[in-house]
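These are the residues of each chain, in order.
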Amino acid sequence: MIQAREDYYLRDAPTISDGEFDDYVRELEAIEAEYPQLSDGSPTQQVGGWAAATFAPVTHLQQLLSLDNVFSEGELRAWAERAIKAVGEAAIAEAGWLCEVKIDGLALDLVYRNRKLESAATRGDGVTGEDVTGNVRTIAAIPKTLPKDAPDVVEVRGEVFMKVADFEALNAAMGIERERDFAAAKAAGKDLPKKRYFFANPRNAAAGSLRQKDPKITASRKLSFYCHGFGEVSSLDGAFDRQSDGYELAARWGLPTSPYTKVVASLAEVWEFVQRYAEQRHSLEHEIDGVVVKINDRALQETLGATSRAPRWAVAYKYPPEEVTTKLLDIEVGVGRTGRVTPYAVMEPVRVAGSTVEHATLHNETEVRRKGVLIGDTVVLRKAGDVIPEVLGPVESLRDGSEREFTMPTHCPSCGAELKPEKEDDLDIRCPNQRSCPAQLIERLSYIGSRAALDIETLGERTATELVRGGLLGDEGDLFNLDAATLLRNPFFTLKDDPGKLTKPAEQLLDNLEAAKTSPFTRFLTALSIRHIGKGTAPAVAAAFPSITALAAASTAELAAVEGVGPILAEAITEWFAEPWHREIIAKWEAAGCILADSPSARPDVEQTLAGMTVVVTGTVPGYTRDGANEAVIAHGGKATGSVSAKTDAVVVGEGAGSKYDKAVALGIRIIPAADFDEFLRAG
Ligand code: IVH
């Protein structure tokens, strides 16, 4: 833990995640609660970092404290109740609870003497910090002078941080630099220079940028600053009784203050603030790792005082960690539906943001190099909310020399074809053997079965693999010709004790395929794996060309002219139809009884009761998914749209309907209750 703390504070190169560090602190606190004699000199009694040797020490005018952490509503309440017990709830409510986001940066202490910036120092051990004045002078957001009416001595504290957008731009630029150095080193037969090409997160980037020996480098990095407290301030006695008023004063002096701050009167509202920012955590311009709750009244702050490391009048509510470290066991490559070959990380399974992660895409070879990860590295892994897990970069200090560089294969791992980029400057490389590369075919087949396409529950990745590996089909053209005799050739689909019989799921697969033959045209269109056609774009294409025959006959210009299609999609459609084996798929599917059209003549079985009508479905309709209800409208000859206007003929209203219902009533449009939807489809 001591080692981890040094890595974090002194070297700006953490070796464990913040969440793991917090866990260690809590474990140590629990032990010390039982054996108080052990707590003397323990890290739990000290303010976070230490002064590092590279910058001159500065003694702060007043000690910089840290904050105690809480991790649940109960712990937050317990903290508040201790304060309430000491000074009374009404007294606190008077000036309010000051809620702020906890900026994930590093603390900075600024001293202005006679309105001039005299020194800037990191927190260090709280008493002595490091002098970073020269570097701080290069930060545009920090004023070098204060206005005439400011007091003689002003000591303010705040957080230096890097906005997420600035961090991403910095890493991208460093990645380009690494590429360049990499190429130069390779040409010269030398090793890559030992310098930093990547920051794992905005906090490290801010710390690394602030603690530069050369202020020019700091100046080239975009650092930001928000003020969040005060140290010594002369001749201001009584000038501000509330911390929030102090922020207003600071803002008037030109010091930046956070826009994400709110004074509330009750604990219930404090909790609302905590929850609100938990949801908005990733929409702010900078990273936050929690919320800081402060008692706003300065006199009460004084009364409550502090322990050796943290005030009793403020607390940090920490959000669950979203970053962890784990071992990068290998980098493998996968072949996607369109032949794109993608390297992905295989890691020691690790829990992060509520789920266990062991794989993460690395996109392409350039990205692997930009991140600078080696196989065998300890890597920082991030999963923000329900976002896809991402490997941020290596913990370089943990390397032992056994790590090795990843090399992209030259041939497809699935079919052995030679890999190449589609166009010369493409970063992605592809397997050109689209028709019969097993990996591509398996991906296309399971995509056909997916919810976005034909929604065939029994046609998933496993079934697709067995169909292809068992040689039961040559390409997806054969899918709708599958029959019991064919499936019986692969033991995966047969009963163990009676190999002459199909399993229940195999029988179901045949039933499902039969039923899928009359799927709406948009679904077939999606199922064909035409580049850029997906759930989002297929409806626009199908609305303009409601059958595969019409679509195949359309010119690129005609396609591009359709609203929601555009030139790239038009080109992709034309290219797709130019491939003879693609046309064969269509011919085979149609021969097997698939109806690749929404036009009335192609669907004689469905009566066109809604012909010429524009219908909006809002809320849930029992027995239908949202897409399903719209598809039923289309199948009956109607046009399904998303917004209600004077042109709408009917609005189907289900549970949860909102403003669309109100608008329909206001416009006097015919309302169909969800319960009558089937009757509406039947009778129009
Ligand atoms: S107040 C005496 N307010 O979090 C109270 N700190 O974990 C001092 N931090 O050292 C801190 N955002 O560097 C405060 N809105 C905020 C903050 C904040 C981030 C940092 C600060 C502090 C650390 C404690």
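Residues numbered from 1 in each chain as written. Predicted model: local features only at pLDDT ≥ 70, side-chain atom pairs only at ≥ 80, totals over all residues. Heavy atoms only, no water.

### Some remarks on the packing of aromatic side chains
Part 1 of the reasoning: The final tally for this structure, using the stated rule, is 13 aromatic pairs.
Part 2 of the reasoning: Ring geometry for Y260 and Y277: centres 6.1 Å apart, planes at 65°, overall edge-to-face. Placement of the pair is Y260 in the loop between α9 (243-252) and β9 (261-264) and Y277 in helix α10 (residues 267-280), with a sequence separation of 17 residues.
Part 3 of the reasoning: Classification of Y260 by relative accessible area gives buried; the value is 16%. (Phe/Tyr/Trp six-rings, centres within 6.5 Å; stacked < 30°, edge-to-face > 60°. Helix = DSSP H or I, 4+ residues; strand = E, 2+ residues; numbered from the N terminus. Buried < 20%, exposed > 50% of the residue type's maximum accessible area, 1.4 Å probe, protein only.)

### Points about helix α13 (residues 438-449)
Turn by turn, an α-helix covers 3.6 residues, leaving residues three or four places apart pointing in a common direction.
Part 1 of the reasoning: Over its 12 residues, α13 extends 17 Å from the first C-alpha to the last, a length consistent with the 16 Å expected when each residue adds 1.5 Å.
Part 2 of the reasoning: All of the buried residues along α13 are P438, A439, Q440, L441, I442, R444, L445, S446, Y447, I448 and G449.
Part 3 of the reasoning: On its buried side, α13 packs onto β12 (323-335), α14 (461-469), α17 (521-527) and α22 (580-591). (Expected span 1.5 Å × (residues − 1). Contact = heavy atoms within 4.5 Å.)

### What about the site of the ligand?
Part 1 of the reasoning: Around the ligand sit 14 residues in total, of which E100, I103, R123, E159 and K294 are the nearest.
Part 2 of the reasoning: Interatomic distance of 2.6 Å between a side-chain N/O atom of E159 and an oxygen atom of the ligand.
Part 3 of the reasoning: Note that a nitrogen atom of the ligand is positioned 2.9 Å from one of the side-chain N or O atoms of K294.
Part 4 of the reasoning: Summarising the interface, the protein chains cover 87% of the accessible area of the ligand, which totals 520 Å² for the free molecule.
Part 5 of the reasoning: It is strand β3 (residues 97-103) that provides the largest number of residues to the shell around the ligand, a total of four residues.
Part 6 of the reasoning: For the shell around the ligand, a count of residues per class yields seven nonpolar, two polar and five charged. (Near = heavy atom within 4 Å. Polar contact = N/O pair within 3.5 Å; in protein donor to acceptor, adjacent residues only side chain to side chain. Areas by Shrake-Rupley, 256 points an atom, 1.4 Å probe, with all protein chains shown as cover. Nonpolar A, V, L, I, M, F, W, Y, C, P; charged D, E, K, R; others polar.)

### Focus on the packing of helix α3 (residues 73-87) against α10
Part 1 of the reasoning: Where α3 contacts α10, the two axes come as close as 11 Å, and the packing angle between them is 140°. By the criterion of interaxial angle, the relationship of α3 to α10 is oblique. Viewed along their axes, α3 and α10 form a crossing whose handedness is right-handed. Side by side, α3 and α10 meet where E73, L76, R77 and A80 of the first sit next to L267, V270, W271 and V274 of the second.
Part 2 of the reasoning: Its residues assigned to classes, the contact of α3 with α10 comprises six nonpolar, no polar and two charged. (Axes fitted to C-alpha atoms, helices over the stretch in contact; angles between N-to-C directions. Parallel < 35°, antiparallel > 145°, perpendicular 65-115°, else oblique. Left-handed = near helix turned anticlockwise from the far one by under 90°.)

### A closer look at the pairing of strand β13 (residues 340-352)
Part 1 of the reasoning: Pairing geometry for β12 and β13, over seven bridges, is antiparallel. Opposite G334, over in β13, you have T342 as the bridge partner.
Part 2 of the reasoning: Between the end of β12 and the start of β13, which pair antiparallel, lie four residues, with G339 showing a positive phi angle near 90°.
Part 3 of the reasoning: As judged from the two bridges shared by β13 and strand β17 (residues 429-430), these two strands associate in the antiparallel manner. Across the sheet, the residue bridging to R340 is R430, located in β17.
Part 4 of the reasoning: Pairing of β13 with strand β14 (residues 355-361) involves six bridges; the strand directions are antiparallel. Among the inter-strand pairings, V352 is bridged to a residue of β14, identified as S355. (Pairing = 2+ DSSP bridges.)

### Concerning unusual backbone geometry
Part 1 of the reasoning: Positive phi values are uncommon outside glycine, yet N114 reaches one of about 50°.
Part 2 of the reasoning: With respect to the secondary-structure elements, N114 resides in the loop between β4 (106-113) and β5 (116-122).
Part 3 of the reasoning: When its relative accessible area of 48% is taken as the criterion, N114 is described as partly exposed.
Part 4 of the reasoning: Phi angles above zero are rare outside glycine, and D455 is one such case at about 55°.

### Looking at the environment of A632
Part 1 of the reasoning: Here A632 lies in helix α23 (residues 626-635).
Part 2 of the reasoning: Here the alpha-carbon distance between A632 and D678, two residues 46 residues apart in the chain, equals 9.4 Å.
Part 3 of the reasoning: Among residues more than four places away in sequence, those in contact with A632 are Y624, F677 and L681.

### Side note on the packing of α13 against α14
Part 1 of the reasoning: Interaxial distance between α13 and α14 falls to 8 Å at its minimum, and their mutual angle equals 135°. On the basis of their axis angle, the class for α13 and α14 is oblique. Every pair of crossing elements has a handedness; the one defined by α13 and α14 is right-handed. Across the interface between the two elements, P438, L441, I442, E443, L445 and S446 of α13 pack against E461, A464, T465, V468 and R469 of α14.

### Focus: the layout of surface pockets
Part 1 of the reasoning: Estimates place the volume of the second largest pocket at around 1000 Å³.
Part 2 of the reasoning: Lining the second largest pocket are 40 residues; nearest its centre among them are K195, G372, P394, E396 and R399.
Part 3 of the reasoning: Going through the elements one at a time, α6 (164-187), α7 (202-210) and β12 are the ones with two or more residues in the lining of the second largest pocket.
Part 4 of the reasoning: Element by element, the count of residues in the lining of the second largest pocket is highest for α6, at four residues.
Part 5 of the reasoning: A class-by-class count of the residues in the lining of the second largest pocket yields 16 nonpolar, seven polar and 17 charged. (1 Å grid on protein atoms, 1.4 Å probe; cavity = no way out; pocket = protein on both sides within 12 Å on 5 of 7 lines; lining within 4 Å. Points joined across faces, edges and corners; volume = space filled by probe spheres on them.)

### Thoughts on the state of the cysteines
Part 1 of the reasoning: Evaluated as defined, the whole model comprises zero disulfides.
Part 2 of the reasoning: Note on C99: no disulfide assigned, nearest cysteine sulfur contributed by C227 at a separation of 18 Å.
Part 3 of the reasoning: C415 takes part in no disulfide bond, and the closest cysteine sulfur to it belongs to C431, at a distance of 3.6 Å. (Disulfide = S-S within 2.5 Å.)

### With respect to the pairing of strand β10 (residues 288-295)
Part 1 of the reasoning: Of all eight residues in β10, eight are buried; the element is thus mostly enclosed.
Part 2 of the reasoning: Inspection of the sheet shows β3 paired to β10 by seven bridges, in the antiparallel sense. By the bridge assignment, C99 is partnered in β10 with V293.
Part 3 of the reasoning: Pairing between β10 and strand β11 (residues 314-318): five bridges, direction antiparallel. Each bridged residue has a counterpart across the sheet, and for G290 the counterpart in β11 is K318.

### Details of the sheet that holds strand β7 (residues 153-161)
Part 1 of the reasoning: Pairing is antiparallel across the open sheet formed by four strands, whose spatial order is β5-β4-β7-β8. Only two strands of the sheet have a single neighbouring strand rather than two, namely β5 and β8 (224-233). Across this sheet, the average inter-strand angle for adjacent strands is 25°, counted without regard to direction.
Part 2 of the reasoning: Note that β4 and β5 share six bridges and pair antiparallel. Of the residues in β5, the one forming a bridge with R113 is K116.
Part 3 of the reasoning: The strands that α7 touches are β4, β5 and β7; relative to β4, the one it contacts most, it runs at about 40°.

Shape is all these values report; function is a separate question.
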